Amino acid sequence: MKKFKITLGWQILLGLILGIILGLVFYKNATAITAMQSVGTMFIRLIQMIVVPIVVSCLTVGIANIGDIHKLGRIGGKTILYFEIMTTIAIVLGLVVGNVFHPGDFINVHSLHATDITQYMTTAKTANHTGIWGTLINLIPVNVFNSIASGDMMPIIVFSVFFGLGTAAVGEKGKIIVDFLNAVSQVMFKITGWIMKLSPIGVCALIGVTLAELGVSALAPLSYFVLLTYLTMMVFVLVVMGLAARIFGFKITDLLKVVKEEAVLAFSTASSEAALPRSIDKMTKFGVSPSIVSFVIPTGYTFNLDGSAIYQSLAALFLAQAYGIHLSIGQQLTLLVALMITSKGMAGVPGASFVVLLATVSTVGIPVSGLTFIAGIDRFIDMARTAVNVIGNSLATVIIGKSEKEFDPEKEDKYLKSIGIHK
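Summarised in this report is the structure supplied together with it. The model shown is predicted, which means the values in this text are computed figures rather than measured ones.

### Considering the nonpolar core
Argument step 1. Residues Ile374 and Leu395 are the most contacted members of the largest nonpolar core, which totals 112 residues.
Argument step 2. When residues in this core are grouped by element, the largest group, 12 residues, is from helix H18 (residues 378-403).
Argument step 3. In this structure, isoleucine 374 is in contact with Leu222, Tyr311, Ala315, Phe318, Leu319 and Phe354, ignoring residues within four places of it in sequence.

### A short note on the side chain of glutamate 262
Argument step 1. Its location among the elements puts glutamate 262 in helix H11 (residues 260-269).
Argument step 2. On the basis of relative accessibility, which here comes to 2%, the residue glutamate 262 falls in the buried class.
Argument step 3. Not counting the four nearest positions on each side in its chain, glutamate 262 is found in contact with Ala275, Arg278, Ser279, Lys282 and Val390.

### Some details on helix H9 (residues 223-247)
Argument step 1. An ideal rise of 1.5 Å per residue puts 36 Å on 25 residues; H9 measures up with 35 Å between its terminal C-alpha atoms.
Argument step 2. Of all the bends in H9, the largest measures some 30° and sits at phenylalanine 236.
Argument step 3. Once H9 ends, the next one or two residues include glycine 249, with phi positive near 85°.

### What about the pattern of salt bridges?
Argument step 1. What the rule picks out here adds up to 10 salt bridges.
Argument step 2. The network of salt bridges with common partners includes Glu261, Glu262, Arg278 and Lys282.

### Here we look at a nonpolar patch on the surface
Argument step 1. A surface patch of nonpolar side chains, amounting to about 820 Å² of accessible area, comprises Ile6, Trp10, Leu13, Leu14, Ile17, Leu18, Ile21, Val25 and Phe26.
Argument step 2. Its place among the elements puts leucine 14 in helix H1 (residues 8-25).
Argument step 3. Taking the relative accessible area as the measure of exposure, leucine 14 reaches 46% and is therefore partly exposed.

How each quantity is defined
Residues numbered from 1 in each chain as written. Predicted model: local features only at pLDDT ≥ 70, side-chain atom pairs only at ≥ 80, totals over all residues. Heavy atoms only, no water. Core = buried A, V, L, I, M, F, W, Y, C linked by side-chain atoms within 4.5 Å. Buried < 20%, exposed > 50% of the residue type's maximum accessible area, 1.4 Å probe, protein only. Helix = DSSP H or I, 4+ residues; strand = E, 2+ residues; numbered from the N terminus. Contact = heavy atoms within 4.5 Å. Expected span 1.5 Å × (residues − 1). Bend = angle between axes of the 7 residues up to and from the residue. Salt bridge = Lys/Arg side-chain N within 4 Å of Asp/Glu carboxyl O. Patch = residues over 30% accessible without salt bridge, like charges linked within 9 Å, V, L, I, M, F, W, Y side chains within 5 Å. Areas by Shrake-Rupley, 256 points an atom, 1.4 Å probe, with all protein chains shown as cover.

Laid out in structure tokens, this is it:
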């Protein structure tokens, strides 16, 4: 008889269900909320502990293996172009859905409960003054150790790219660095496996504290907006991402089966970082060249936030409609451009999607105070947009790998068969 074993994916799902039950049972129970918040925070901190070492080691080795700066420039240009196209489509989709279904027309904004958003205000004001040049300047680290300590991902990526190129340039002398960092990445992935065994507990605690603090009642007045946002994200994944996958010769459903555990983990924790180590590991096993994976996925967590882009445009229209403000085509185009720029500059800050809205809505005359009414349900939407972001970055990795002819179909077939998928 075969030994019965529950896979990690099912364990995470069970943790999600148990967390929902605990959240409803212990609604507004301060002791339970503190306990669940503490357990959830410890799990997220364990993930954050290994993210930077994995990114630095994998990216440096990947860039060193590419070696050719012209090839790196081509991969980088192609990656950024793809990210910009997909996020622009996501923003446009949010605007189209908002214009067609008018979610704000069904809301009396004055009857909604306001939530304190002062924690986001300073960040938004700072970003408004920074502008595009400030964003570009901030990509370059003054002190890489300070960036590593603060977890500021883009300066870390820029340093790792230069460090990788320098390692390749010194030839044989750089081999010791490559071997060392390869060993570091293997150790980090081993630790990742240990931490992932705790993910059902972390998921249970994080979803539990969300429901215990907010309750299902927080969703009721804005349920149509939340439902519409979720459905829009599903359409984006199945139709837009599905079409992109089909163009490059594979099925989005196969990819979804491969990254389902990471998507559920991202959904439950509302943290892209929680899924990043496993995403790098999974995409390498799926057949994408490690050098492509180690560059595209970390970069995507700043530049390719498809779920966030959908939410930002749809939320902006929702608020305009709730206040009875008609946005002309010109104003919506202004909003589109503002979101394209602002979202790239603030992707690394806490509550980035909400901060982007704070910095953007005033450009088209929408009262910033309106955001206090949707802040309460931001966590529920954050779960969905984080899952879409993770799926989108996994898709980008495969597409860039295939476009560079650095994708191994045999490795893909072998991996799909190992998880029970037959093409």
